[in-house]
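One-letter residues, chain by chain:
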Amino acid sequence: MSNVWEDLHKDYSGKDWLNKPSLFAEEVIQYFPAHGTVVDLGAGQGQDSVYFADKGYEVISSDRELSIIQQADERARTFFEEKDEPMKAMRFQLIDLSKLIPMDDDRISVVYAHLSLHYFDKSTTEQLFSEIYRILKPGGTLAFLVNSTSDPEYGTGEKIEDDVFFVEGKTKRYFNVESAKAFAHQFETILCDEEGKTYKDIDKGVHNLIRYVGKKA
Ligand SMILES: C[S@@+](CC[C@H](N)C(=O)[O-])C[C@H]1O[C@@H](n2cnc3c(N)ncnc32)[C@H](O)[C@@H]1O
């Protein structure tokens, strides 16, 4: 059965930007440990998951939707076939970010989330950040990009709670530097600014997404 996320990914299919890593992935890989396991949360069609696998990381590419995970799997297979290389260490896993993350404590080197942590109310978002902290190894890296209160669409749609609106069939949270740091308060912040850009939204005047990189002490 189709849903808002499957419809969105149908719209994305065939876009040039799906065939290359996001700007954010290329910007933040410098902060990752040299080796280890990257979990890509809400990975969608997995273009960034493939990029990290190609750079030598073990990657768990995850999303809530099975059909979307299957597209990410297909994309990864095609990418490595075209390079005539064996499929790198990639796994695909269904993970619903509104629930507890089904992973052990202190196991993951990097948690990466490109435009996927901003769909939840305050208590769910707090639980999500605490789950991310729990699964990361000490010294592990969290990198995420989220909607900003400076986005042109901020304030449109039905208000659900502070900085959360129902827009185009989705609940969307908008962060600023302070709220990103507050949700990530367990982490040592390395980078937190409003300089995030995506190929997808730059033409809509969105050029100040919230970028965050931090470490679990
Ligand atoms: C804007 S897309 C971003 C996809 C990908 N990271 C990218 O940048 O192309 C948001 C993604 O979050 C996923 N998502 C939405 N709600 C989710 C949830 N509760 N748990 C896990 N993933 C979710 C959607 O299925 C979708 O793939």
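If you're wondering where the values come from, they're calculated on a predicted model, not measured in any experiment.

1. Digging into the pairing of strand β4 (residues 108-114)
Two faces make up the sheet, and in a regular strand the side chains alternate between them.
Step number 1: Summarising burial for β4: 7 of the 7 residues are buried, a large majority.
Step number 2: Inspection of the sheet shows β4 paired to strand β5 (residues 136-146) by 6 bridges, in the parallel sense. Considered in β5, the bridge of Ile108 is made with Leu136.
Step number 3: With respect to chirality, the unit in which β4 leads through helix α5 (residues 122-135) into the neighbouring parallel β5 is right-handed.

2. Thoughts on helix α4 (residues 66-82)
Within an α-helix, residues lying three or four positions from one another point in the same direction, as the helix has 3.6 residues per turn.
Step number 1: Under the 1.5 Å per step criterion, the end-to-end length of α4 is 24 Å for 17 residues, consistent within 8% with the ideal 24 Å.
Step number 2: Of all the positions in α4, only Ile68, Ile69, Ala72, Asp73, Ala76 and Phe80 are classed as buried. Here the buried residues of α4 occupy an arc of 145° about the axis, which is enough to place them on one side. Those residues of α4 that are exposed and aimed more than 90 degrees away from the buried face are Glu74, Glu81 and Glu82.
Step number 3: Buried residues belonging to α4 abut α1 (4-12), α3 (47-54), β2 (58-63) and β3 (90-94).

3. Quick word on the site of the ligand
Step number 1: Looking at the ligand, there are 20 residues lining it, with His9, Gly42, Asp63, Leu97 and His114 nearest.
Step number 2: In this structure, a nitrogen atom belonging to the ligand sits 2.9 Å away from a side-chain N or O atom of Asp96.
Step number 3: Coverage of the ligand by the protein amounts to 96% of the 590 Å² it exposes when considered alone.
Step number 4: Considering each element in turn, the shell around the ligand owes the most residues, 3 residues, to α1.
Step number 5: Looking at side-chain class alone, the shell around the ligand contains 9 nonpolar, 7 polar and 4 charged residues.

4. Some remarks on the sheet that holds strand β6 (residues 158-161)
Step number 1: Here we have 3 strands laid out as an open sheet, ordered β6-β7-β8, and antiparallel in their pairing. Sheet topology places β6 and β8 (170-173) at the edges, where each strand pairs with a single neighbour. Across the sheet, the mean angle separating the axes of adjacent strands is 35° when strand polarity is ignored.
Step number 2: Looking at chain direction, strand β7 (residues 164-167) and β8 are connected through 4 bridges and run antiparallel. Pairing of Val167 across the sheet is with Lys170, part of β8.

Criteria and thresholds
- Residues numbered from 1 in each chain as written.
- Predicted model: local features only at pLDDT ≥ 70, side-chain atom pairs only at ≥ 80, totals over all residues.
- Heavy atoms only, no water.
- Buried < 20%, exposed > 50% of the residue type's maximum accessible area, 1.4 Å probe, protein only.
- Helix = DSSP H or I, 4+ residues; strand = E, 2+ residues; numbered from the N terminus.
- Pairing = 2+ DSSP bridges.
- Right-handed = clockwise from strand over helix to strand, strands pointing away.
- Expected span 1.5 Å × (residues − 1).
- Arc of directions from axis to C-beta.
- Contact = heavy atoms within 4.5 Å.
- Near = heavy atom within 4 Å.
- Polar contact = N/O pair within 3.5 Å; in protein donor to acceptor, adjacent residues only side chain to side chain.
- Areas by Shrake-Rupley, 256 points an atom, 1.4 Å probe, with all protein chains shown as cover.
- Nonpolar A, V, L, I, M, F, W, Y, C, P; charged D, E, K, R; others polar.
- Axes fitted to C-alpha atoms, helices over the stretch in contact; angles between N-to-C directions.

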